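# Structural overview
Each chain, letter by letter, is given below.
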Amino acid sequence: LKPIIIDELTKIGTSGPWLWKIFILCVTPNILNGFHVSSYVFLGALPDTYYCVVPELLQAGWTPEQMRNITTPGDSLEAHSCGIVNWNYTQLSDMDFDEAFHYTQELNQPETVPCRSRPENFYHYEQDEGVSIVPEWDLVCENNVWRTTVQVGLSIGKFLGASLFGLISDKFGRKKAFVGGAVLYLISGFLTVFTKNYFLFLLGRIGLGSSASGLFYAAFTLLTENIALKHRSWMSIMFTISYPTGMLILTLFAYLLPLWRSLQLALILPGLLLIVHCYFLDESPRWLVSKNNEKKAYKIVFGKKPSVDLIFKANKKVEDVPTGENEAPASNLAKKLKNSFREFSGLFSTWTLRKRILICYFVWCVTSMSYYITAINADNLAANRYLYVACTGLVDIPAYIIPIFILKYTGRRMSSFGLYLAAGVSLLVVLAIPREYPNIIVAFAMFGRFGISAVYAVLTLHTAELFPTEIRNSALGTSSTMAHVGSMAAPYIVDLLGMVAWYIPTTICGSSILLAGFLSLLQPETGNRDLKDHVQEEEEMKINA
C-alpha cells in the first residue's frame, strides 16, 4: 500500500481542501508560542518607585516622604530603595518628624540593613494594584532573582519539552505529541492565571514553555511531512511568521488589559481552540507508513478503508519478499544510547570537526541569548513597553523572509558574517547615544535584533551542512541545547546586570555577536558543495584540498 499512499499524499498535498486544512491547523497554534516569549515585559513590570516602610513610623502619622528622609541611606531619595538606615525606630516613633530629623542629624549614621531584616517591615509600591506580579510576591531587592526566574522558567520548559515531545512524536505519533502539548498548555496556562502561590506560578510557566515545544515541533513536522515540495518553502515561512504575529497580538492585549491576571487569561483562552485542532487534525500518513500502519494511513489519505482486494495484493507482494528482508532490525534502549553516544563522540573525532562544533556551540548560544535579551530589554532602554514589544514582532517578520533572497546571491559564511556584523555594530552604537534619546536607542536595538533574527535561518542551514549525515542530527541537537543555555542566561543579564548599568545587556550582545561573526568566517563555505555522509569523506576532502 505504501506507493499508493505516498502517490496520493503527493497529490492532495499539492492542492485542495486537505492541504489548506493541515496548513491552517498547523500554523495557527504557533501564534500561541509568540504570546509568551515577551509577556514577561508586562507581567514582571517593575513599579516606578518602591521603598521600605517602617510600621512604627507609619502608625505615628508620618508621611511617606518624612519616613523616607529618615530611613533612606544617602542624601537623595532613589526611586528604588532596598535598604534602610539601622536607627532605633521604636525610639524615633515617639518623636514628631522635625524632632527626629534633628536628632538623627546630630548622630553618626548607622549601617544600612536590608528592609526585611526587621520582619515587621514591608515594601510600598507606586503601582496600581494588580498590574504586575512584582508587588504580589515582593519580587524586588533580595527577591529580584525570583522575578527573573519567571522568564527563565519558560526557557527551561522549552528545553525539557523539546526533548520530551520529540521522543513522544517519534515513538507515539505527531498527533499524540500535539494533543499532549495542547493539554499541558491549557493546564499550565490556567494554573498561572488562578494560583496565589509563586512556585505554582513558576511551575505553570515551565509547563507553558514545555507545551510550546510540543505544539511547535509536532505541528511543524506534520506540515513539512505532508505538503508538496512546491509549497514547502513559503508555508514554512508562514509557519515561522506566525510566531511574531503572536507578539503583536500580545501587545494589543497588554494595552487593553493592564491587570496581569486579566492579560494572562486573555493569552490562555485562545488556547481552547486547540480542542478543535485536536479533533480535526489527522495523524501524519508518512509517520503511519513508517510504522507499518498502512491501513490507517490509507483511510486518512483516501477518506475510506482500503478494499479487500487491495489489501490482498499488498500482502501478496510482502510475502514475495525473502524472509528477513522486510523486517526492521531489533533495537533496545541500550543500543540506542550506544548509537547516540557514538554520534556525539563523532563530533569530536577529528580536529576539523572539533573546531566546527565548538564554533557552532558558541554562535548558537550567543545568538539565542541576544535574541531573548532584545525581546525583553525594554525597561533598561527606557522604552515604552507596548511600542517596544510591538517593534520586536514587526522586525521579526521581514527578518525571517530576507535570508531567502540573501542566500541566493551570497554563501552561508558571508551571509552569516554580514548579518552578525550589522547586528553587533548596531547594538554597540547604543553606547554612544545618551539615554535621553530612547527612540534612537530603540531604533538601533531593533536593527540589531533584525540581524539576529535573520541570521537564525542561515545558522540552522549552515550547521546542518557542516557535518556529515551520520552525525548531523547530533550536531543540530547539541547546538540547539546550547541555544537553550543562551536563552536561560538572557533574563539574568537583562535584570541583574541591567540594574548595574542600563547599557550592559546591549553591550554584551553587541560584543558577543561581533565575535560570533568573525568566528563564522573560520567555518568552510557549504553552499557550493555536496553534503557528505561519513566523517572519512570530510577528512579525505580536506586532504585532497
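Residues numbered from 1 in each chain as written. Predicted model: local features only at pLDDT ≥ 70, side-chain atom pairs only at ≥ 80, totals over all residues. Heavy atoms only, no water.

## Regarding the packing of helix α22 (residues 412-429) against helix α25 (residues 504-520)
Contact geometry of α22 with α25 gives a least axis separation of 8 Å together with a crossing angle of 160 degrees. Relative to α25, the element α22 lies roughly antiparallel. For α22 against α25, the interelement crossing comes out left-handed. Contacts between α22 and α25 involve Arg413, Ser416, Phe417, Tyr420, Leu421, Ala423, Gly424, Val425, Leu427 and Leu428 from the former and Thr506, Thr507, Cys509, Gly510, Ser511, Ile513, Leu514, Ala516, Gly517, Phe518 and Ser520 from the latter. (Axes fitted to C-alpha atoms, helices over the stretch in contact; angles between N-to-C directions. Helix = DSSP H or I, 4+ residues; strand = E, 2+ residues; numbered from the N terminus. Parallel < 35°, antiparallel > 145°, perpendicular 65-115°, else oblique. Left-handed = near helix turned anticlockwise from the far one by under 90°. Contact = heavy atoms within 4.5 Å.)

## Brief notes about the confidence of the model for the chain
Confidence in the prediction for the chain averages 85 pLDDT; 88% of positions are at 70 or higher. Taking the mean pLDDT of every element in the chain, the minimum, 51, falls on helix α18 (residues 308-320) and the maximum, 96, on helix α14 (residues 260-268). Counted against residues more than four places away or in other chains, residues 317-331, with its pLDDT under 50, gives 4 contacts. (pLDDT = per-residue confidence, 0-100.)

## Focus: the packing of α22 against helix α23 (residues 438-466)
In the contact formed by α22 and α23, the axes pass within 8 Å of each other and the chain directions differ by 155 degrees. The orientation of α22 with respect to α23, classified from their angle, is roughly antiparallel. The crossing of α22 and α23 is left-handed.

## Some thoughts on the pattern of salt bridges
Overall, the coordinates contain 9 salt bridges when judged by the stated rule. For Asp379, the salt bridge goes to Arg385, with nearest N and O atoms at 2.9 Å. Relative accessible area serves as the criterion here: at 32%, Asp379 is assigned to the partly exposed category. With relative accessibility at 23%, the residue Arg385 sits in the partly exposed group. In this structure, Asp396 and Arg449 form a salt bridge, with 2.9 Å as the shortest nitrogen-oxygen distance. With Asp396 in helix α21 (residues 385-409) and Arg449 in helix α23, this residue pair connects regions lying 53 residues apart in the sequence. (Salt bridge = Lys/Arg side-chain N within 4 Å of Asp/Glu carboxyl O. Buried < 20%, exposed > 50% of the residue type's maximum accessible area, 1.4 Å probe, protein only.)

## Here we look at the environment of Asn380
Looking at the secondary structure, you find Asn380 in the loop between α20 (351-376) and α21. Here Asn380 falls in the buried class, since its relative accessible area comes to 11%. Considering only alpha carbons, one finds Asn380 and Thr506, 126 residues apart in sequence, at a separation of 9.3 Å. Every residue in contact with Asn380, bar those within four places of it in the chain, is listed here: Arg435, Val494, Gly498, Trp502 and Pro505. A polar contact is formed between the side chain of Asn380 and the side chain of Asn377, at a distance of 2.8 Å. (Polar contact = N/O pair within 3.5 Å; in protein donor to acceptor, adjacent residues only side chain to side chain.)

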